[in-house]
Amino acid sequence: MTPFIAPSILAADFARLGDEVNAVLDAGADIIHFDVMDNHYVPNLSVGPLVLDSLRKHGITAPMDVHLMVKPVDRLVGDFIESGANIISVHPEATEHLHRTLSVIRDAGVQPGIVFNPATPLTVLAEVIELVDLVLIMSVNPGFGGQKFIPQSLDKLAQARAMIDASGREIRLEIDGGIKTENIALAAAAGADTFVAGSAIFGSADYRETITAMKAEIASQRASG
Ligand code: DX5
Ligand code: ZN
């Protein structure tokens, strides 16, 4: 699968969000990672479907990868479907009926994703692998940008890779948290094909240079592996 770089808007300048999103897309970003936090499931508050609506109205047509860190998650799923999300990922802890939540997303023609926290085992994946188009492995505890990458998540990535390959389905494997140019090759080696980066991209002086360097790291890992 073609590797995707997914800048997380959480690290963008929210006063200029539309321009920031256009800037990372111009700089080579493949999809936009849209982090939604509720001060309940995670100890932080970010943005809701209204902001996604605004970005669409601003003319942004790029795929929107919505990462829901809200509990309960079900009511907001409908709002994000209407706002034009392309991927909607949910944490199994945030819904009483994961199979139903993923089915609602799929039936609406949106790609469902499942997210695993550092301490959440992958076991539930086997039960819903036929329903998901994306598996997201958290390499930090969700809630904040700019945290340090947790190295144990590489093992989980590799386990998820094996499960996805065994399923024979086209499922993206995404890594989220603490990804930088310096460690992105490790995540690629462990099987990730979709890479979220917030602070490493939006905190850099030159978005294009950073995204290009990230893509080069992934390409050289793939060539050597
Ligand atoms: C954390 C979010 C991440 C975060 C990534 O809860 O899901 O997407 O914004 O930020 P960095 O790349 O700075 O770790
Ligand atoms: Zn995220």
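Reading the values: the criteria
- Residues numbered from 1 in each chain as written.
- Chains lettered and ligands numbered in written order.
- Predicted model: local features only at pLDDT ≥ 70, side-chain atom pairs only at ≥ 80, totals over all residues.
- Heavy atoms only, no water.
- Core = buried A, V, L, I, M, F, W, Y, C linked by side-chain atoms within 4.5 Å.
- Buried < 20%, exposed > 50% of the residue type's maximum accessible area, 1.4 Å probe, protein only.
- Contact = heavy atoms within 4.5 Å.
- Donors = N, O, S within 2.8 Å, 3.2 Å for Na, K, Ca; no water.
- Tetrahedral: all angles 85-135°; square planar, octahedral: opposite > 155°, others 65-115°.
- Helix = DSSP H or I, 4+ residues; strand = E, 2+ residues; numbered from the N terminus.
- 1 Å grid on protein atoms, 1.4 Å probe; cavity = no way out; pocket = protein on both sides within 12 Å on 5 of 7 lines; lining within 4 Å.
- Points joined across faces, edges and corners; volume = space filled by probe spheres on them.
- Nonpolar A, V, L, I, M, F, W, Y, C, P; charged D, E, K, R; others polar.
- Near = heavy atom within 4 Å.
- Polar contact = N/O pair within 3.5 Å; in protein donor to acceptor, adjacent residues only side chain to side chain.
- Areas by Shrake-Rupley, 256 points an atom, 1.4 Å probe, with all protein chains shown as cover.
- Lys, Arg positive; Asp, Glu negative; His and termini not counted.
- Salt bridge = Lys/Arg side-chain N within 4 Å of Asp/Glu carboxyl O.
- Arc of directions from axis to C-beta.

### Looking at the nonpolar core
Next up, step 1: By size, the foremost hydrophobic cluster in this structure holds 65 residues, and its most contacted members are Leu68, Phe80 and Val135.
Next up, step 2: Among all residues touching Phe80, those that are not within four sequence positions of it are Phe34, Val36, Gly48, Pro49, Leu52, Val66, Leu68, Ala85 and Ile88.
Next up, step 3: By size, the runner-up hydrophobic cluster in this structure holds nine residues, among which are Val115, Leu134, Leu136 and Met138.

### Section: the coordination of the zinc ion (ligand 2)
Next up, step 1: Donor atoms from the polypeptide that bind the zinc ion (ligand 2) are His33 (NE2), Asp35 (OD), His67 (ND1) and Asp176 (OD), placed at 2.1 to 2.2 Å.
Next up, step 2: What the six donor atoms of the zinc ion (ligand 2) show is an angle range of 69 to 170° at the metal, which sorts the shape as octahedral.
Next up, step 3: Considered as a linear motif, the donors of the zinc ion (ligand 2) on their single chain read H-x1-D-x31-H-x108-D. With His33 in strand S2 (residues 32–37) and His67 in strand S3 (residues 64–69), this pair connects stretches of sequence that are 34 residues apart.
Next up, step 4: The exposure class assigned to His67 is buried, which follows from its relative accessible area of 0%.

### Quick word on empty space enclosed by the protein
Next up, step 1: For the coordinates displayed, the defined rule picks out one cavity of 30 Å³ or more.
Next up, step 2: Taken as a whole, the largest cavity spans an internal volume of roughly 220 Å³.
Next up, step 3: Around the largest cavity, the lining comprises 24 residues; the ones closest to its centre are Phe144, Gly145, Gly146, Asp176 and Gly177.
Next up, step 4: If you list the elements that add at least two residues to the lining of the largest cavity, you get S2, strand S8 (194–197) and helix H8 (199–202).
Next up, step 5: Across the lining of the largest cavity, the residue classes tally to twelve nonpolar, nine polar and three charged.

### Describing the site of ligand 1
Next up, step 1: Around ligand 1, 20 residues are found, and the nearest of them are Asp35, Gly143, Asp176, Gly198 and Ser199.
Next up, step 2: Measuring from an oxygen atom of ligand 1, one finds a side-chain N or O atom of His33 at 3.5 Å.
Next up, step 3: Backbone polar atom of Gly143 to an oxygen atom of ligand 1: 2.8 Å apart, as the coordinates give it.
Next up, step 4: Protein coverage of the free-state accessible area of ligand 1, which is 380 Å², stands at 99%.

### With respect to the side chain of Asp176
Next up, step 1: Relative to the assigned elements, Asp176 resides in strand S7 (residues 172–176).
Next up, step 2: Lys180 provides the closest opposite charge to the buried, unpaired Asp176, separated from it by 11 Å.
Next up, step 3: A polar atom in the side chain of Asp176 sits 3.1 Å from the side chain of His33.
Next up, step 4: Ignoring anything within four residues of it in the chain, the contact list for Asp176 reads His33, Asp35, His67, Leu136, Ile137, Met138, Ser139, Val140 and Val196.

### Side note on the environment of Leu98
Next up, step 1: Tracing the backbone shows Leu98 in helix H4 (residues 98–107).
Next up, step 2: A C-alpha to C-alpha distance of 9.8 Å links Leu98 and Glu127, two positions 29 residues apart in sequence.
Next up, step 3: When sequence neighbours within four positions are dropped, the list of residues in contact with Leu98 reads Val90, Pro92, Ile114, Val124 and Val128.

### Regarding the environment of Val110
Next up, step 1: Tracing the backbone through its elements, the reader meets Val110 in the loop between H4 and strand S5 (111–116).
Next up, step 2: For the pair formed by Val110 and Asp133, sequence separation is 23 residues and the distance between their alpha carbons is 9.4 Å.
Next up, step 3: Filtering out sequence-adjacent residues up to four positions away, Val110 remains in contact with Ile81, Ala85, Asn86, Ile87, Ile88 and Ile105.

### Here's the deal with helix H1 (residues 17–26)
Next up, step 1: Turning to H1, its buried residues are Leu17, Gly18, Glu20, Val21 and Val24. What you see down the axis of H1 is that its buried residues fit within an arc of 165°, all on one side.
Next up, step 2: Along its buried surface, H1 packs onto strand S1 (4–7), S2, helix H2 (49–57), H8 and helix H9 (207–224).
Next up, step 3: Just downstream of H1 lies Gly28, where phi reads positive at about 115°.

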